[in-house]
Amino acid sequence: MIGEIAHFFSLSAALLLIIILLLNIIFFFSNPNSNQLILSIRLFNQSCWLIFVSFGLYIYLAITDDFSISYIASHSNSQLPIFYKIASIWSAHEGSMFLWIVFLALWSLLFINGLDKNNPLKKLTLIMLILVILGFLLFLLITSNPFSRILPFGVMDGADINPILQDPALAIHPPILYLGYVGFVISFSYVMAYLCKGNFKIEWEEDIRAWSFVAWIFLTVGITLGSWWAYYELGWGGYWFWDPVENVALLPWLAATAFMHSLYASSKSNILKTWTLFLGIMIFSLSLFGAFIVRSGIIDSVHSFANDPQRGLYLLGFSGLMTLLSLVIFAYRIPAINSSKPVITGSKESFLSMNNILMVTSIFSIFLGVTYPLILESFSGEKVSIGPPYYNTIFAPLILIASILIMISVDSLWQRKMLARKFFRSIIPTFILVTSIIYIFWYLINEFSLLTYIGIFSGLIILVAYFIKIISSLKAKEYINKGSAFAHIGLGILFLSISVNSLLSYQKNINLSVGESLRINESIESFKFSNLNVRTASNHDVISANVFVLMDGVSVNLNPEKRKYSTRGQITSETAIHATPFKDIYLNIGDQLEDGSWTFSLKINYFVKWIWLSSALMVLGMVLAMQKRKI
Amino acid sequence: MLEVRRKRLGKLLVILFISAVGISLILFSLNSKLDLFYTPSEILSGKINSSSRIKLGGMVKANSIKRLGTSTSFLVTDFQAEVFVKFEGVTPDLFKEGSGVVVLGYFKDQKFSAEEIFAKHDENYMPPELEIGSQSE
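1. Comments concerning the overall build of chain B
Of the regular secondary structure elements, chain B holds three helices and seven strands. The order of α-helices and β-strands along chain B, N terminus first, is α-β-α-β-β-β-β-β-β-α. Within chain B, contacts between residues separated by at least 24 positions form 54% of all contacts whose residues are at least 6 apart in sequence. Counting every atom, chain B has about 8100 Å² of accessible surface; 59% of that belongs to carbon and sulfur.

2. Considering the overall build of chain A
A count of helical and extended segments in chain A gives 18 helices and eleven strands. With respect to the principal axes defined by its C-alpha atoms, chain A has extents near 85 × 80 × 55 Å. Here chain A holds 631 residues, and the buried ones make up 57% of them. Counted over contacts in chain A with a minimum sequence separation of 6, partners at least 24 positions apart contribute 71%. Summed over all atoms, the accessible surface of chain A reaches about 27100 Å², with 67% contributed by carbon and sulfur. With 40 positive and 34 negative side-chain charges, chain A shows a spacing of 17 Å between the two charge centroids.

3. What about the environment of Thr125(A)?
On the secondary structure map, Thr125(A) appears in helix H6 (residues 122-143). A polar side-chain atom of Thr125(A) sits 2.6 Å from the main-chain carbonyl oxygen of Leu121(A).

4. Side note on the packing of aromatic side chains
Taken as a whole, this structure holds 43 aromatic pairs over all chains when the rule is applied. Aromatic side chains Phe278(A) and Phe330(A) sit 5.7 Å apart centroid to centroid with 40 degrees between the ring planes, which places their arrangement in the tilted category. With Phe278(A) in helix H11 (residues 273-296) and Phe330(A) in helix H12 (residues 309-333), this pair connects stretches of sequence that are 52 residues apart. On the basis of relative accessibility, which here comes to 9%, the residue Phe330(A) falls in the buried class. Considering the side-chain rings of Tyr390(A) and Tyr391(A), the 4.9 Å spacing of their centres and the 75 degrees angle between planes classify their relative orientation as edge-to-face. A relative accessible area of 0% means that Tyr390(A) is categorised as buried. Judged by its relative accessible area of 1%, Tyr391(A) falls in the buried class. Joined through ring pairs, the aromatic side chains of Trp100(A), Phe136(A), Phe139(A), Tyr178(A), Tyr181(A), Tyr314(A) and Phe318(A) make up one cluster. If you follow Lys383(A) out to its NZ or CZ, it ends over the ring of Phe37(B), 6.0 Å from the centre. Sitting above the plane of the Phe118(B) ring, Lys55(B) keeps its charged end 5.1 Å from the centroid.

5. Looking at a nonpolar patch on the surface
Residues and elements named next belong to chain A. On the surface, Leu15, Ile18, Ile19, Leu22, Ile25, Phe28 and Phe29 cluster together into a nonpolar patch covering about 760 Å² of accessible area. Relative to the assigned elements, isoleucine 19 resides in helix H1 (residues 2-29). For isoleucine 19, a relative accessible area of 38% gives the class partly exposed.

6. Quick word on the environment of Tyr38(B)
Of note, Tyr38(B) is situated in strand E1 (residues 34-38). Between the alpha carbons of Tyr38(B) and Ser24(B) there is a distance of 27 Å; along the sequence they are 14 residues apart.

7. Here's the deal with the interface of chain B and chain A
How large an interface is tends to be reported as the accessible area lost when its parts come together. Contact residues are listed per partner, giving 32 residues for chain B and 40 residues for chain A. Carbon and sulfur atoms supply 59% of the area that chain B and chain A bury against each other, a total of about 3000 Å² over both sides. On the surface where chain B and chain A come into contact, there are two salt bridges. There are seven residue pairs in polar contact (both at pLDDT 80 or more) connecting chain B and chain A. Going through the elements one at a time, helix H1 (2-32), E1, strand E3 (66-68) and helix H3 (128-136) of chain B are the ones with two or more residues in the side of chain B that touches chain A. Of the residues belonging to the side of chain B that touches chain A, the class tally is 13 nonpolar, seven polar and twelve charged. The sheet contact formed by strand E1 (residues 384-386) of chain A and E1(B) spans three bridges and is antiparallel. Bridged to Ser385(A) within E1(B) is Asp35(B).

8. Remarks on the domain arrangement of chain A
All names here are of chain A. For chain A, the assigned domains are domain 1 (1-166), domain 2 (417-504 + 611-627) and domain 3 (506-609). Between the C-alpha centres of domain 1 and domain 3 the distance comes to 44 Å. Taken together, the contact between domain 1 and domain 3 spans eleven residues of the former and six residues of the latter. Summing both sides of the interface, domain 1 and domain 3 together bury roughly 720 Å²; the carbon and sulfur share of this comes to 46%. Linking domain 1 with domain 3 are zero salt bridges. Classifying every residue of the side of domain 1 that touches domain 3 gives five nonpolar, five polar and one charged.

9. A word on the sheet that holds strand E11 (residues 598-606) of chain A
All names here are of chain A. Within the open sheet, the four strands sit side by side as E2-E11-E10-E9. Their pairing is antiparallel. Each edge of the open sheet is held by one strand with a lone partner, namely strand E2 (506-512) and strand E9 (576-579). Strand after strand, the sheet turns through a mean of 15 degrees between neighbouring axes, direction not considered. Looking at chain direction, E2 and E11 are connected through seven bridges and run antiparallel. Its bridge partner being in E11, glutamine 507 is matched across the sheet by lysine 603. Against the sheet, helix H9 (residues 205-233) touches E9, strand E10 (583-592) and E11, its axis set at about 50 degrees to E10.

10. What about the pairing of strand E4 (residues 71-77) of chain B?
Consecutive side chains along a regular strand alternate between the two faces of the sheet. Residues and elements named next belong to chain B. Along E4, six of the seven residues are buried, which leaves the element largely enclosed by surrounding structure. Pairing between strand E2 (residues 54-60) and E4: two bridges, direction antiparallel. Note on E4: the bridge partner recorded for methionine 59 is threonine 77. In the sheet, E4 pairs with strand E5 (residues 82-88) via seven bridges, with the strands oriented antiparallel.

11. As for the side chain of Ser497(A)
Looking at where Ser497(A) falls in the secondary structure, it is placed in helix H17 (residues 482-504). With near-sequence residues (within four places) excluded, Ser497(A) lies in contact with Phe607(A), Trp610(A) and Ile611(A).

12. So, the environment of Ser266(A)
Residue and element names in this part refer to chain A. Mapped onto the secondary structure, serine 266 falls in helix H10 (residues 244-269). With a relative accessible area of 2%, serine 266 lands in the buried category. Residues serine 266 and leucine 277, eleven residues apart in the sequence, show an inter-C-alpha distance of 9.9 Å. When neighbours within four sequence positions are excluded, serine 266 is seen to be in contact with Glu205, Ile271, Leu272, Lys273 and Thr276. Here glutamate 205 takes part through its side chain, which lies 3.4 Å from a polar atom of the side chain of serine 266.

13. Quick look at the packing of helix H7 (residues 168-183) of chain A against helix H8 (residues 185-197) of chain A
Residue and element names in this part refer to chain A. Between H7 and H8, the shortest axis-to-axis distance is 5 Å and the interhelical angle comes to 5 degrees. One finds that H7 runs roughly parallel with respect to H8. From H7, Tyr181, Val182 and Gly183 reach across to H8, where they touch Val185, Ile186 and Ser187. Its residues assigned to classes, the contact of H7 with H8 shows four nonpolar, two polar and no charged.

14. Regarding a positive patch on the surface
Residues and elements named next belong to chain B. A surface patch of positive charge is lined by Arg5, Lys7, Arg8 and Lys11. Here arginine 8 lies in helix H1. On the basis of relative accessible area, arginine 8 is assigned to the partly exposed category, the value being 31%.

Thresholds, definitions, all that
Residues numbered from 1 in each chain as written. Chains lettered and ligands numbered in written order. Predicted model: local features only at pLDDT ≥ 70, side-chain atom pairs only at ≥ 80, totals over all residues. Heavy atoms only, no water. Helix = DSSP H or I, 4+ residues; strand = E, 2+ residues; numbered from the N terminus. Contact = heavy atoms within 4.5 Å. Areas by Shrake-Rupley, 256 points an atom, 1.4 Å probe, with all protein chains shown as cover. Buried < 20%, exposed > 50% of the residue type's maximum accessible area, 1.4 Å probe, protein only. Lys, Arg positive; Asp, Glu negative; His and termini not counted. Charge placed at Lys NZ, Arg CZ, Asp CG, Glu CD. Polar contact = N/O pair within 3.5 Å; in protein donor to acceptor, adjacent residues only side chain to side chain. Phe/Tyr/Trp six-rings, centres within 6.5 Å; stacked < 30°, edge-to-face > 60°. Lys NZ or Arg CZ within 6 Å of the ring centre and 35° of its normal. Patch = residues over 30% accessible without salt bridge, like charges linked within 9 Å, V, L, I, M, F, W, Y side chains within 5 Å. Salt bridge = Lys/Arg side-chain N within 4 Å of Asp/Glu carboxyl O. Buried area = accessible area lost by both parts, 1.4 Å probe. Nonpolar A, V, L, I, M, F, W, Y, C, P; charged D, E, K, R; others polar. Pairing = 2+ DSSP bridges. Domains from an automatic or database assignment. Axes fitted to C-alpha atoms, helices over the stretch in contact; angles between N-to-C directions. Parallel < 35°, antiparallel > 145°, perpendicular 65-115°, else oblique.

Set out below in structure tokens:
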């Protein structure tokens, strides 16, 4: 019964949204009246609350194990802890789409009610938000109904959530990521409202600044959580695989990052206005594209949901229509938007413009990498996949150019040419310092790879440039933009740590019996497999190996596990990681051989902690930048 | 105003030209970085360049997995042809006999040396080509 009530609430929400749209069409022909807007917003609020209550009831159904609901029956289980019963809602397509809509409604509700009641863009923004929510809500109800029942009777117990998803980081990864993705609906709707309105004297940047910051932070944290989970759970020792679904999360992130820079320039010095509008449209369009790629089953990926042509077609139609319409309106309005203030070469504005160009280039390269196999297959029937080598070669030069620009831009000023004296004073020492650091590094480790050295060079010049900047401004008690400094230092650390990681990390495959030990190399003096423990946990059996690794004079105890889950019979491995500031000892247990011995894969991964740190610094930088008031 | 527009159009054309050059460069580099996908029958019938990295997809043949020390060998089949695959390292959890698998590596002297094994996260996974193949049989 509760399932039907929840379903009814969602249907009523959709109906209410349609009514608001119809009302607004009628209002369009009658005299404008402020009561009409108040009525529309009141109805809109009610519609959002219907969605929330419906989702709340759905959570209740999941907690109380209502296995007559087919989605809950196939993704939850009575043995699961409550936390995972709730998380099972977003472990597959229907439920996660539902969550997506809840967040859409949440952001929209907060934004529209927070706007000033005399805001000239309020009504058009509301209509845009309604169109987006309605598009997804109808998609949910028509093609992916989470409320459908198994008739006439439900099953005794649920089929369980996939064991590798039973993990705290992964349980919160989708909600945080979605909050980020969906958060950009606000900048999208506001930008569209501005373009439709056609009154370009309106100052709109400030109204969505904070919202975009918050969405960016959620998106970044969401992506990092996913990467962190992949690192410790999948046991491949990697944190980023250039998997198509990772790529479609990176696309809106890049667009959003470009947007934040562009928004800064356009609110501060009235340039890049058209860019900012364009990027505002792109972020959300790329989010829609991502939803299509992930949920249509068109690509083969770790993340992709089950293949369903109907869903794919709907999403392709919806995202294509939204993108196309917005771009047409954008193109129609461009000539009227006046932002043709000349940009002085070497000024802060010029660097922000170049940032936009680089970001759009990266977006395009990734977009091509994702779609090229699809295009090629539909034309020639050849099946191909594009992996890390493509992205590494494309990104190495982009990163290098970006870093050099960041390094130079550290001392740039608004609307002013950079002083040649200042330019040489900071750049020459930076280059000399970085080149010598790299030379010493190369001399010490005696290994070379062009791409990774480009990465190291790029990371270091950013770090050194900011180091010099911070020291000199502290000395002269000058102003320093803390947000920008933290975020860019984070970026420098990211480039540096991923490059060093790929250069130094290595793997050893080991075959040992219980009680045996082995010397691996100069640094790992002993690897001792002392014993094997078997135990039973709430919903799985565990085999846990007890291993002592003696590395650089320090003995470390590691317990990698194999788990067998009772409901699905699925086997998973739990990696044992000993993390130190500069390297992780990363151990996986493999299979047992016929002679009773076991295989292990031991990885020494360098600078992994620094990758997470870099993301934390970028988020911190954004938080600081957000708090800064309009100057 | 017209002058401004003309200038803008000029800028746009320059941007378009540069991006066209960029795109062609990217596409050119794409071609050398692609991993082509084959089924066992395609691999055995066609001429495969032994120096290019390829992907092979199929089922792990029952009772074909042999482990010796840290190396594993097995047969990948599409029910018409089978390819002998060798791999060094720990295999993924979902890698098992009778399940779908995709391996990445080089095919040389009638042997496939795999650098990576992808066993999908879904236990019901089957490479799409194979699914089509087994339905049409």
